[in-house]
Amino acid sequence: DDEFNIWFNQPGKLIRTNGSRLGFLQQVEDHPIGSVHALFVEDANTLWTTDGRTVHLLQSTSNRWKTASRFTFPGIQYQDITSLYMDSYGILWIGTMGAGIIRLDPVSRQWKILTGNPVIEKGQILSVTGKENEIWISGLNGISNYHLTEKQTLYETIPFNNYHKQSGIGSDYVYQ
């Protein structure tokens with residue numbers, strides 16, 4: 001802002017700081033931090049980032065950050081990874097520009113494109129977020145709300161509702 005404060009939000013909070021207590025992660029032990037297109041903070045010692053093509057799992061021990069895993073998605077046509085969100089069951093939802101949503105199980109390292117929803121399939125995803133068993137996805141075709149009832153495998157169908165201009169939300173372009 002005009003007084004050189006940094007403003008950001010967390011669920012239920014709006015935070016303002018002059019930056020004096022912020023730290024900057026400029027390099028991870030095994031590679032420099034380049035362009036970050038999306039970030040998800042799992043906990044104080046675990047970050048998920050993407051440079052647009054690769055998802056990086058970063059972990060900290062004794063204030064030293066290291067890449068614990070890297071994930072790529074060969075054979076999928078997309079232009080950019082735009083958003084990351086981890087659901088309450090530990091599945092990472094990865095929004096893309098052109099391939100919709102990729103769901104990744106970091107433990108098994110298996111992944112699959114979310115199918116069965118015309119708003120999401122091959123869609124341009126701008127944001128993925130959620131709370132408890134609800135996942136909200138927005139993009140250039142409207143909004144999808146997924147209802148997790150239990151830890152579904154990557155291959156199971158998850159119930160959803162779609163909201164778009166025809167259903168009355170005013171626009172198909174929803175940024176968040």
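Residues numbered from 1 in each chain as written. Predicted model: local features only at pLDDT ≥ 70, side-chain atom pairs only at ≥ 80, totals over all residues. Heavy atoms only, no water.

It is worth spelling out the overall build of the chain at this point. Of regular secondary structure, the chain possesses zero helices and 16 strands. A compact globule built from 176 residues would reach a C-alpha radius of gyration of about 16 Å, and the chain, at 17 Å, matches this within 12%. Based on the C-alpha atoms only, the size of the chain along its principal axes is roughly 45 × 40 × 30 Å. Residues counted as buried form 39% of the 176 residues belonging to the chain. (Helix = DSSP H or I, 4+ residues; strand = E, 2+ residues; numbered from the N terminus. Rg over C-alpha atoms; globule rule 2.2 N^0.38 Å. Buried < 20%, exposed > 50% of the residue type's maximum accessible area, 1.4 Å probe, protein only.)

The biggest cluster of nonpolar side chains holds 32 residues, and the ones touching the most others in it are Trp48, Val55, Phe73, Leu84, Trp93, Ile94 and Ile137. Residue assignment for this core shows that the elements contributing at least two residues are strand S5 (38-43), strand S7 (55-61), strand S9 (81-86), strand S10 (92-96), strand S11 (101-105), strand S13 (125-131) and strand S14 (134-139). When residues of this core are assigned to their parent elements, the largest contribution, four residues, is made by S9. (Core = buried A, V, L, I, M, F, W, Y, C linked by side-chain atoms within 4.5 Å.)

Of the pockets and cavities examined, the largest pocket occupies roughly 1100 Å³. Taken together, 21 residues make up the lining of the largest pocket; nearest its centre are Asn9, Gln10, Pro11, Leu39 and Val41. For the lining of the largest pocket, the secondary-structure elements that each account for two or more residues are strand S1 (6-10), S5, S9 and S13. In terms of residues, the lining of the largest pocket owes the most to one element, S13, which gives five residues. Residue composition of the lining of the largest pocket, by class: twelve nonpolar, seven polar and two charged. (1 Å grid on protein atoms, 1.4 Å probe; cavity = no way out; pocket = protein on both sides within 12 Å on 5 of 7 lines; lining within 4 Å. Points joined across faces, edges and corners; volume = space filled by probe spheres on them. Nonpolar A, V, L, I, M, F, W, Y, C, P; charged D, E, K, R; others polar.)

Moving on, we come to the sheet that holds strand S8 (residues 64-71). Read from one edge to the other, the open sheet built from four strands follows the order S5-S6-S7-S8, with strand pairing classed as antiparallel. Two strands bound the open sheet, and with one partner strand each, they are S5 and S8. Going across the sheet, the axis of each strand differs from the next one's by a mean of 25°, ignoring polarity. Two strands pair when backbone bridges link them, and S7 and S8 are joined in this way by seven bridges, in the antiparallel orientation. The partner of His56 across the bridge, within S8, is Arg70. (Pairing = 2+ DSSP bridges. Axes fitted to C-alpha atoms, helices over the stretch in contact; angles between N-to-C directions.)

Fair warning: the whole summary comes from geometry, so function is off the table for now.
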